[in-house]
Each structure stands twice: as structure tokens, then as C-alpha cells.
Amino acid sequence: MKLIFLGPPGAGKGTQASGVSAHLGVPHISTGDMFRSAIKNQTPTGLEAKRYMDAGELVPDSVVIDMVRERLAMDDCKSGYLLDGFPRTVEQAEALDQISAPDAVIEIDVPDERLLSRLTGRRVCGKCQGTFHISQLADEHACPICGGELYQRNDDQPETIATRLKAYHDQTEPLIDYYSGEGKLHVVEVSRLKTVNGDSKPEEVFKTILATLE
Ligand code: ADP
Ligand code: ZN
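What follows is about helix 4 (residues 61-72). The terminal C-alpha atoms of helix 4 lie 16 Å apart, and with 12 residues this matches the ideal 16 Å at 1.5 Å per residue to within 8%. Along helix 4, the residues classified as buried are Asp 61, Val 63, Val 64, Ile 65, Met 67, Val 68, Arg 71 and Leu 72. On the buried face of helix 4, the contacting elements are strand 2 (28-30), helix 2 (31-40), helix 3 (44-55), strand 3 (81-84) and helix 5 (90-100).

What follows is the structure, encoded as C-alpha cells:
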């Protein structure tokens, strides 16, 4: 199964993608996580990506597409993939259709006004990459799963969040038409898009996604 999770920053893509990829037995590929690990390891891709990420802007298409192409060529992707955070532009979606076209696209829909508090309250584990909201944490600094140290992402500051939401609406939202087939004038194609309400508890969203995939 080849799947894409689409949705604004803070929609819960990462959290849901971990659960769903384990359930389906396909690798969870998060371009954001790949960039953060490239930055940590100071690779050329990481050095290039960092300034865009810190500003809340998208990393240039060519950089992201090359990285994803390499990743999808690895052995574990023979069973399929679950892409989280890619594609984010129509150019990336067109490239992916050439490399290995997705079977379905799950759009996780959450209203903008809910996203700000989700993002400003987000904490990430440096060890297991788990994501939590401060409202769920007994200790704001320790990961409830592995005990690792929690940190706040550089781009989870209010000013940067506004830029990221704008990038989503301007550059990524057109993918909704792309995958529902509406963007194409003369080609009749079956919609690959399924929209799921992401504005409820993570367990509920998880159930809805699995039901949608049936
Ligand atoms: P979120 O969905 O919460 O914004 P991600 O971890 O998916 O977080 O992405 C963080 C940042 O990494 C983005 O703001 C962007 O700068 C960069 N990035 C990740 N994926 C892509 C992509 N497909 N295209 C361009 N930039 C990307
Ligand atoms: Zn952890």
C-alpha cells in the first residue's frame, strides 16, 4: 500500500502516520524528520534545509525530491510507503507520480484556529521522536514513552507558525484538487483523495483513518 498523509502543520500527521504505518507494515517516511536528522548530522542537505525550516518556509523542490527519490529506492519500500509531509507542492506531487504513484491520499482536516495551540504546545522527544502536547505531560521535560529529553522545535514559535500556515494554504492546499482529479481538465480519473476529520482525539482519528482505508 502506497499512502500519503496530507494536512496543515499540527494536523496530527506524524502521530497518525506512526500508528497507521505500523498497522499496515509499511515504512513511515517523514521528510521533516529526515531534514531534522540531516541537520543534526550536518550533512550538505541538512545545511541547505536549515535556513528554510527555521524561517517556516518550504525547502526547494529539487532538494526534497532528490532526498525522497533516494529513500523510496531502498528495500523496505518494496512493501509500499506512508509519506508524511511529502508532497507539499504540485511539482513534488508530479515527481512522485513519476517515481512511484500513491494509491491513496488521506487529508487530515483541522481548522486553522485549532492549529496554533497544538503547535505552540508541542514537545518532541530527542530520543524516540515521539510528539506530545504539554497538556498531556506530567513532566514537561521528560518523554513519557522512553524517558528521553523533550524539546520544542525551532519552528514552533508563533511568528514562524504563521509563515508555515501560509505556505500550507498557498503551496500545499492545491494538492487537494490535484489528487481529487479536479485539477485535470481532460482526464477523467478516479479520486485518490479521502478526507478525514482530524479535530478529535488521536484514537478517534486513528479509527476513522483505518475505516476509510477499508
Ligand atoms: P509540520 O508538518 O509540522 O510543518 P514537518 O516536520 O513535516 O512539520 O516539516 C518541517 C519543515 O521541514 C517544513 O516547514 C519545511 O521547511 C521542511 N519540509 C518538510 N517536508 C518538506 C517538503 N516536502 N517540501 C518542502 N519542505 C519540507
Ligand atoms: Zn521518547
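Grouped together as the largest cluster of nonpolar side chains are 28 residues, with contacts concentrated most on Phe 35, Val 59, Leu 72, Leu 83, Phe 86, Leu 96 and Tyr 179. Elements that contribute at least two residues to this core include exactly strand 1 (2-6), helix 3, helix 4, strand 3, helix 5 and helix 8 (174-180). Looking at which element gives the most residues to this core, the answer is helix 4, with six residues. The residues touching Val 59, leaving out its near neighbours within four places in the chain, are Phe 35, Ala 49, Tyr 52, Met 53 and Val 64. The next biggest cluster of nonpolar side chains, apart from the first, holds 19 residues, and it includes Phe 5, Ala 17, Ile 106 and Leu 165.

Let us now look at the sheet that holds strand 5 (residues 122-125). The strand order across the open sheet built from three strands is 6-5-7, with neighbouring strands paired in antiparallel fashion. Two strands close off the open sheet at either side, each with one partner strand: strand 6 (131-133) and strand 7 (150-151). Bridging between strand 5 and strand 6 involves three bridges; their strand directions are antiparallel. Residue pairing for strand 6: Val 124 is matched across the bridge by Thr 131.

A word on a negative patch on the surface. Side chains of Asp 109, Asp 112, Glu 113 and Glu 173 sit close together on the surface and give a patch of like negative charge. Within the element layout of this structure, Glu 173 appears in the loop between helix 7 (158-172) and helix 8. Residue class for Glu 173 comes out partly exposed when judged on its relative accessible area of 31%.

When two helices pack together, you describe them by how their axes are tilted relative to each other and by the distance separating the axes. Their axes nearest at 11 Å, the elements helix 6 (residues 112-120) and helix 7 cross at an angle of 135°. Judged by the inter-axis angle, helix 6 sits oblique to helix 7. Here the hand of the crossing between helix 6 and helix 7 comes out right-handed. Contacts between helix 6 and helix 7 involve Asp 112, Leu 115, Leu 116, Leu 119 and Thr 120 on the former and, on the latter, Pro 158, Ile 161, Arg 164, Leu 165 and His 169. Grouping the constituent residues of the contact of helix 6 with helix 7 by class yields six nonpolar, two polar and two charged.

Across all of its chains, the model carries 15 salt bridges by this definition. As a salt-bridge pair, Asp 54 and Lys 50 come within 2.5 Å of each other at their nearest N and O atoms. Within this pair, Asp 54 and its partner Lys 50 are both found in helix 3, separated by four residues, close to a single helical turn. Residue classification places Asp 54 among the partly exposed residues on the basis of a relative accessible area of 32%. Judged by relative accessible area, Lys 50 falls into the partly exposed class, the value being 33%. Ionic pairing is found between Asp 170 and Lys 166, a salt bridge with its closest N-O pair at 2.5 Å.

The rules behind the values
Residues numbered from 1 in each chain as written. Chains lettered and ligands numbered in written order. Predicted model: local features only at pLDDT ≥ 70, side-chain atom pairs only at ≥ 80, totals over all residues. Heavy atoms only, no water. Helix = DSSP H or I, 4+ residues; strand = E, 2+ residues; numbered from the N terminus. Expected span 1.5 Å × (residues − 1). Buried < 20%, exposed > 50% of the residue type's maximum accessible area, 1.4 Å probe, protein only. Contact = heavy atoms within 4.5 Å. Core = buried A, V, L, I, M, F, W, Y, C linked by side-chain atoms within 4.5 Å. Pairing = 2+ DSSP bridges. Patch = residues over 30% accessible without salt bridge, like charges linked within 9 Å, V, L, I, M, F, W, Y side chains within 5 Å. Areas by Shrake-Rupley, 256 points an atom, 1.4 Å probe, with all protein chains shown as cover. Salt bridge = Lys/Arg side-chain N within 4 Å of Asp/Glu carboxyl O. Lys, Arg positive; Asp, Glu negative; His and termini not counted. Charge placed at Lys NZ, Arg CZ, Asp CG, Glu CD. Axes fitted to C-alpha atoms, helices over the stretch in contact; angles between N-to-C directions. Parallel < 35°, antiparallel > 145°, perpendicular 65-115°, else oblique. Left-handed = near helix turned anticlockwise from the far one by under 90°. Nonpolar A, V, L, I, M, F, W, Y, C, P; charged D, E, K, R; others polar.

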